[in-house]
There are 2 protein chains.
Amino acid sequence: MESNQLTPNAVVAVDVVVFTLRPAQDIEDRWQVLLVRRDEPAFGNKLALPGVLVRGDETFDKAARRALQTKTGLDARDWYLEQLGTFGDPGRDTRGRVVSVAHVALVASDDVELAAGSGIQSIDWVPVRGLPAETLAFDHADMLRVAINRIQAKLRYSWVAFQLLPDEFTLSALRSVYSAILDPSLERLNTSNFRKAFSTLFASKTLVSVGQRASVGKVGRPGELYRFVGPITGTRTRELRWDSVRFGAVGA
Amino acid sequence: MESNQLTPNAVVAVDVVVFTLRPAQDIEDRWQVLLVRRDEPAFGNKLALPGVLVRGDETFDKAARRALQTKTGLDARDWYLEQLGTFGDPGRDTRGRVVSVAHVALVASDDVELAAGSGIQSIDWVPVRGLPAETLAFDHADMLRVAINRIQAKLRYSWVAFQLLPDEFTLSALRSVYSAILDPSLERLNTSNFRKAFSTLFASKTLVSVGQRASVGKVGRPGELYRFVGPITGTRTRELRWDSVRFGAVGA
DNA sequence: GCAAAAGTGTTCATCGTACACCCATGG
DNA sequence: CCATGGGTGTACGATGAACACTTTTGC
């Protein structure tokens, strides 16, 4: 206790729950989380969230982005990132009193190229649903649970959905964000009501048409491309209540 | 780095934002926060949130309640307490890398007796509004800001309001929780609409009449006493939207 | 009786869901 | 021209704000 300094009493780390949407058979499986397979003594060979110890002069935000850079090779400088909560129960780590500040990151699954870093065997995108919780190292299953709840809630009262889409996207793509994360049956919600949920954005020119059609033509009329130009920190004036919707058949 | 142990790299502390409602001239001043005046070398004589360093075998929850016990003499064992967020910018404390896990606690201002603990000059309830932010030690003004937003938001979608009331209370008292924290003009919202905001609770027998009248008779008809018997973790099915209400004059 | 506050019922605008219909593209 | 999905407008039921009215207390 010299020179007014306090003695460190814990190890502080950050872990990051990275969410994205990727193509999959089932709509529910489109929502995926980034997991690494550990190659270290503690919890070796177990799946875990990417994380690092926080450096002496580093903010949590910087540490979280560094974790993604060094462990998974991802450049997360511009990604949406927010603090989720701090997990510090004694005994959550066998190597001492480790306190981990968990974060959530969202990214569009465009140009993301994975590269395993130090202490990592492999990296994988894993569907959020049906993930065997016990298989995760430490209390990372708890972190993931909290992260899932946080993002599902935020989808309803904020504009974070756009963080999971590329710059230009169709309204169908936007809808698929909601259906993958909240409820697959939203896929069958009719267009009119879906658009109305974003009417305030259209009115405020925050969600603007690019004046182009989507190039990828599967079947049917291609959708218009839109661009979200507003601040993501904004929130809805009224929360979405799509839980209670009873969807009819696929019209026609 | 012996026996697989990690070396501590930071000091972990907890700070607690304790909110209550207390009698005051202006409705807005009824919402108050518990602050202590420090009597220590670092930030001496400054107002701060009560807090302690986390012990090696202690959860954050336990540490937070201990902070209230040892610093302010309050028995917070049964109080509503939740984690708010973690503040750990390098340089937020001059005594080293101190990471503080901030919490929010709510308590009914009944039988709470303050008693200054070690390192504390005095303790005071201070109105949340018009609090000169610069006067707080460390980054506690930031914590308070986040806490204010958190509680205001939670008031709209959860039942935390009841945590600020004694076991038995009138609907006027309940309304005053909302008017003190959200908007003073809610005081003039008519009874009918206010009751409707709790109709689901009445229907589910979660908010039950005690069958008694409030004893304190100022003027007018005394209100019935109610008791909240539900789990506080529940949330509203629809969020309150009392921001947009335009209140008329005080009828008649 | 009168003022003040509590409690009840009803009207009317607004919001959200459901539904009907038209447009654009591929085969 | 038909199947498929995108896009637009409208009708109807539910929600909630506004208002009128009754009840209970103190003075």
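Nothing here was measured: the structure is a model prediction, and the numbers come from that model.

Procedures and definitions
Residues numbered from 1 in each chain as written. Chains lettered and ligands numbered in written order. Predicted model: local features only at pLDDT ≥ 70, side-chain atom pairs only at ≥ 80, totals over all residues. Heavy atoms only, no water. Domains from an automatic or database assignment. Contact = heavy atoms within 4.5 Å. Buried area = accessible area lost by both parts, 1.4 Å probe. Pairing = 2+ DSSP bridges. Helix = DSSP H or I, 4+ residues; strand = E, 2+ residues; numbered from the N terminus. Axes fitted to C-alpha atoms, helices over the stretch in contact; angles between N-to-C directions. Least-squares fit on C-alpha atoms with pLDDT ≥ 70 in both. Near = heavy atom within 4 Å. Polar contact = N/O pair within 3.5 Å; in protein donor to acceptor, adjacent residues only side chain to side chain. Nonpolar A, V, L, I, M, F, W, Y, C, P; charged D, E, K, R; others polar. Buried < 20%, exposed > 50% of the residue type's maximum accessible area, 1.4 Å probe, protein only. pLDDT = per-residue confidence, 0-100.

**Some words on the domain arrangement of chain A**
Residues and elements named next belong to chain A.
- Each assigned domain of chain A is listed here: domain 1 (11-157) and domain 2 (160-228).
- Computed over C-alpha atoms, the centres of domain 1 and domain 2 are 27 Å apart.
- Contacts between the two partners involve 18 residues from domain 1, matched on the other side by 15 residues from domain 2.
- Each partner contributes to the roughly 1500 Å² buried at the junction of domain 1 and domain 2, and carbon and sulfur atoms together form 74% of this total.
- Considering only the surface of domain 1 that becomes buried against domain 2, Leu21, Ile27 and Leu155 emerge as the three largest contributors, covering 40% of it.

**Side note on the sheet that holds strand β9 (residues 207-213) of chain B**
All names here are of chain B.
- If you walk across this open sheet you meet the three strands as β8-β10-β9, and the pairing is antiparallel. The strands lining the two open edges of the sheet, one partner per strand, are β8 (168-170) and β9. Going across the sheet, the axis of each strand differs from the next one's by a mean of 40°, ignoring polarity.
- Inspection of the sheet shows β9 paired to strand β10 (residues 224-228) by four bridges, in the antiparallel sense.

**Digging into the relation of the copies chain B and chain A**
- Each copy superposes on the other: chain B lies on chain A with an RMSD of 0.1 Å after a rotation of 180° and an axial shift of 0.0 Å. Between the two chains, the operation in question is that of a two-fold axis.
- In this assembly, 100% of the residues forming the interface of chain B have copies in chain A that are likewise at the interface, indicating an isologous arrangement.

**Points about the protein's contact with DNA strand D**
- The local shell around DNA strand D holds 24 residues, among which Ser172(A), Ser192(A), Arg221(A), Asn193(B) and Arg221(B) are the closest.
- Sugar and phosphate atoms represent 57% of those atoms of DNA strand D found within 4 Å of the protein.
- Between a base nitrogen of DNA strand D and a side-chain N or O atom of Thr191(A), the distance comes to 3.4 Å.
- Ranked by residues supplied to the surface near DNA strand D, first place goes to helix α4 (residues 191-196) of chain A with four residues.
- Among the residues forming the surface near DNA strand D, the class breakdown is four nonpolar, nine polar and eleven charged.

**Re the side chain of Asp93(B)**
Residues and elements named next belong to chain B.
- Looking at where aspartate 93 falls in the secondary structure, it is placed in the loop between β5 (80-87) and β6 (98-106).
- Taking relative accessible area as the criterion, aspartate 93 reaches 5% and is therefore assigned buried.
- Reaching out from aspartate 93, the side chain makes a polar contact with the side chain of arginine 95 at a distance of 2.7 Å.
- Once residues lying within four places of it in the same chain are set aside, the contact partners of aspartate 93 are Val98 and Phe138.

**Points about the confidence of the model for chain A**
- Chain-level statistics for chain A give a pLDDT mean of 90 and a share of 93% at 70 or above.
- A low-confidence stretch, residues 248-252 of chain A (pLDDT under 50), is modelled with two contacts involving residues beyond four sequence positions or located in other chains.

**What to know about the protein's contact with DNA strand C**
- The local shell around DNA strand C holds 22 residues, among which Asn193(A), Lys196(A), Ser172(B), Ser192(B) and Glu224(B) are the closest.
- For DNA strand C, the fraction of protein-proximal atoms (within 4 Å) that sit in sugar or phosphate groups is 59%.
- A distance of 3.3 Å is found between a base nitrogen of DNA strand C and a side-chain nitrogen or oxygen belonging to Thr191(B).
- Between a phosphate oxygen of DNA strand C and a side-chain N or O atom of Arg195(B), the distance comes to 3.3 Å.

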